[in-house]
Amino acid sequence: MSEKPVKGERRVFMTGNEVCAWAALAAEADIMYGYPITPQTDIMQYWTRLGPKFGRKFLQTEDEISAGFTTVGGVIAGKRAFSATTGPGNTLFQEPMSMAEMMRIPTVVIIPQRGGPSTATVIYSQQEVTMTTFGGNGEGFRIVYSTAGHQDLYDYTIKAFNTAWKYRFPTFVLGDGYQAKMREPLTIYDPAERGIKMVETEPLVGLPGTPGVDRPAQYLRNTYNTEEELYDVVMDIAKDYEKAAPEIIEWQDFDTDTEMDVLILAHGVVSRSAQGALPLLKDEGIRAGHFRPITLRPMPEEQMRRAAAKAKRILVVESAYGQFLKLVKQSLYGMDKPIDTLLRPGVGVTAEEIVDRIKEGR
Amino acid sequence: MGGCIKTVRVVEAFVGEYASGKSENAINRSLELLSQNQKVTLVDLDTVEPFYTLRPLKKALQEMGLNVIAWSPEQTMGLGEAGSLLNPEMIWALKNEGSIVLDIGYGVHGAKIFNLIEGADTDPNLQVYAVVSIARPMTATKEDIVRYIKDLGNVDGLINNTHLGSETTPDVIEEGAWVITEAARELGLPVMYTAVCQELADKFANTDKMGNPIKIIRRFMPQAFW
C-alpha cells in the first residue's frame, strides 16, 4: 500500500481548493472524475498533481453530465469516488445526482459556488443552495454540508465520504468561490489518528454468488413500471432518510442561550461575518445571537426554532436573493417572528454591513 | 565616496505556488523600490484567473504611486469567463520605464507566461525569484522544494516566505528558513531573504538563524475581498 498522504497533524496554510484535494487524499478517496470549471478547477489540478503519488486515479470527462455519471459508476464499482463542480456545471450534475438519489449511490461532490444565473461570474456566491439541496427531479434525498472555511472544507470533505457510505445518500460539500481561493491556516490530519475510521466501500454490482440462491438480488434501478411500485420505493427512501436525519444534522449557535433582540441566521462563509458582527452589536447595546446550520439538508429545524423562539426578530443574511431564506421560512413555519433580510446575490457580506442592517431595521 | 548615484533598473519576477505569498512579496518589493524614488511598474500576470489576485487592491496601490498593470472591474465588462486572457499592457510590460516587478500567478504553470512577455528572454536585468512557504504541504520538505523549483524552470533565487497568516510565529519562519536554505544549497541558488511580517519585526535581527537577510513586509492581501 502507498504511503499515507497526511501523517499525524500539521498546521498549514493554503487555498481552499487545495484543502479539498488533500482532504480527499486523507479520506482514502480512490478516484476523482471531473470537468473543469472555475472556481473548482484547482481541486482537479491539485488532485492530478498529488493523486498519482499515492496511487489515486483521475478521469477527465467530456462534460459535467459525464463527470456525474462516471462518479456514479465509480461508486457502483465499489470505489470511493468523488467529483467537484459549480454553477452551470452543477446544473448538469443534477441529472446524474438524481439517479444517485433514486439508486442510493453514495457519491461525494464538492461545490464551490459561483455567481448565477447561467455562466455569470467565476468568483463567488451562495446562489446554488436551492439546486444543491433540492436540485434533482422527483423527490430525491441527499445530504448537504455548508462549510465556512478551510478547516470545515478539510473536516467535512472527509466526513462527506463517511456520511455518504454509511447512509447511502449522495452527499455534497457546499463551499463557495471565496473559500476555494482564499488562503488561511488550518490543521490537516490523518483521520485514523483522530479515531475517524473510513467507512468501508464495496461494489454494488458483480457481487459473488447467485442472486436469489446465495443472496438477495441486488436491484439498482432508476426506472419503475408502475406508480404503486414507485410509491413504495420513494416512501422507503423517505423513511430511511427521516430516520437518519437526526444523526446527520449539524449546526453551531453563538450567544443564543438568552433572550435576543435579533437572531442572525446565516450559513457558510457568511456565518463568519455574522460571528464577527456579534461583538460589534454588543458594543452598540444590541443583544444579538447567531445560528448557523452546517447541514442545509437535512436542516436542523428544531434547533433553529429553539434559537428563534428566544429572539424578538430574525435577520436572514446570504449572498443570494432568498434561497437560504426559503429554507428558513420552511423551518420556522408557524412561528410568530418578524423576518428581516440582507440579501446580496453574488456579493460578499461583511460584519459591518450586518451591523448596519440591524441598526437600520430597529 | 563621492560621485553620482546611479539608479539600477530592477526587473524582478515573483513566481511560486498559490498561497506561497507571491503577491505580498511583489507588492512589498514594488513599494520598497518606490521609496528609493524609482519609477515602479507592478504587473499582475495571471492569465488564467485574472479576476482574483491584485484586482481589489489596484486602486489603493496606484494611489501610493505605483504604476499598476492589472485588470480592473470596469475593464472586464463583458469578458465573462474568457479563458486565457492577456492584457496588451502586460505583453509589453518590460518596455516600461524604470523598475518592473512582475507578480506571476497560477501556480506551477505561471512561469510559462514568460513566453508571452516581449523581451523576457533577452532582458539582462530580469531576475526570477521563487517564493516558497513550507507551511504549504506541497513544498514542505527539502526534497519537495528541490523537485518543485526544477519544474519551474529558470529561477535565480529563493525567498523564504513561510507563514501561517495571522498565526505566524518566529519558529514557523525559522523552520522555513532552515528547510528552504537546505533546498537552496542543493539547487546551488541563493536565498534572497526571509520575509517577516511587520507584527513580528521586533523578534528578528538583520538575519535569520541561517544567515539569510530579513525583509520586513506589510500584509496587503487580507484586504483583497474579491
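Not measured: the values here are computed from a predicted model.

Conventions we followed
Residues numbered from 1 in each chain as written. Chains lettered and ligands numbered in written order. Predicted model: local features only at pLDDT ≥ 70, side-chain atom pairs only at ≥ 80, totals over all residues. Helix = DSSP H or I, 4+ residues; strand = E, 2+ residues; numbered from the N terminus. Buried ≥ 20, exposed ≤ 12 C-beta atoms within 10 Å, placed from the backbone. Contact = placed C-beta atoms within 7 Å. Core = buried A, V, L, I, M, F, W, Y, C linked by C-beta atoms within 7 Å. Domains from an automatic or database assignment. Nonpolar A, V, L, I, M, F, W, Y, C, P; charged D, E, K, R; others polar. Pairing = 2+ DSSP bridges. Axes fitted to C-alpha atoms, helices over the stretch in contact; angles between N-to-C directions.

### What to know about the overall build of chain B
Within chain B, the secondary structure is distributed over 5 helices and 8 strands. Reading chain B from its N terminus to its C terminus gives the helix and strand order β-α-β-α-β-α-β-β-α-β-α-β-β. With 226 residues in all, chain B has 45% of them scored as buried. For chain B, the proportion of contacts with a sequence separation of at least 24, taken over those separated by at least 6, is 70%.

### Some words on the nonpolar core
Most often, soluble globular proteins have nonpolar side chains that are buried together. With 154 residues, the main nonpolar core has A23, A24, L263, I264 and V317 of chain A together with I180 of chain B as its most contacted residues. Shared between two domains, this core holds at least three residues of each, these being domain 1 (9-194) and domain 2 (252-360) of chain A. Aside from chain neighbours lying at most four places away, what touches I180 of chain B is V132, I134, I145, L158, N160 and V191 of chain B.

### Section: the domain arrangement of chain A
All names here are of chain A. Considered domain by domain, chain A is made up of domain 1 (9-194) and domain 2 (252-360). The gap between the C-alpha centroids of domain 1 and domain 2 is 26 Å. Contact residues are listed per partner, giving 22 residues for domain 1 and 18 residues for domain 2. Considering every element that reaches the side of domain 1 that touches domain 2, the biggest residue donor is strand β6 (residues 143-146), with 4 residues. Of the residues in the side of domain 1 that touches domain 2, the class split is 9 nonpolar, 11 polar and 2 charged.

### A word on the environment of W71 of chain B
All names here are of chain B. Looking at the element boundaries, W71 is found in the loop between β3 (67-69) and α3 (88-91). Classification of W71 as buried rests on a count of 21 C-beta atoms within 10 Å. Residues W71 and L86, spaced 15 residues apart in sequence, show a C-alpha to C-alpha distance of 9.7 Å.

### A look at the interface of chain A and chain B
Counting residues at the interface gives 19 residues for chain A and 17 residues for chain B. Of the residues forming the side of chain A that touches chain B, the biggest block, 5 residues, is contributed by strand β1 (residues 9-15) of chain A. Grouping the amino acids of the side of chain A that touches chain B by side-chain chemistry returns 10 nonpolar, 4 polar and 5 charged.

### Structural notes on the sheet that holds strand β10 (residues 260-265) of chain A
All names here are of chain A. Here we have 5 strands laid out as an open sheet, ordered β9-β11-β10-β13-β14, and mixed in their pairing. The outermost strands of the open sheet, each flanked by one partner alone, are β9 (251-254) and β14 (339-343). Across the sheet, the mean angle from the axis of one strand to that of its neighbour is 20°, orientation sign disregarded. Judged from the 4 bridges that link them, β9 and strand β11 (residues 288-293) form a sheet pairing that is antiparallel. Bridge pairing in β11 links F254 to H290. Relative to the sheet, helix α9 (residues 269-283) contacts β9, β10, β11 and β13 (311-318), its axis offset from that of β11 by approximately 165°.

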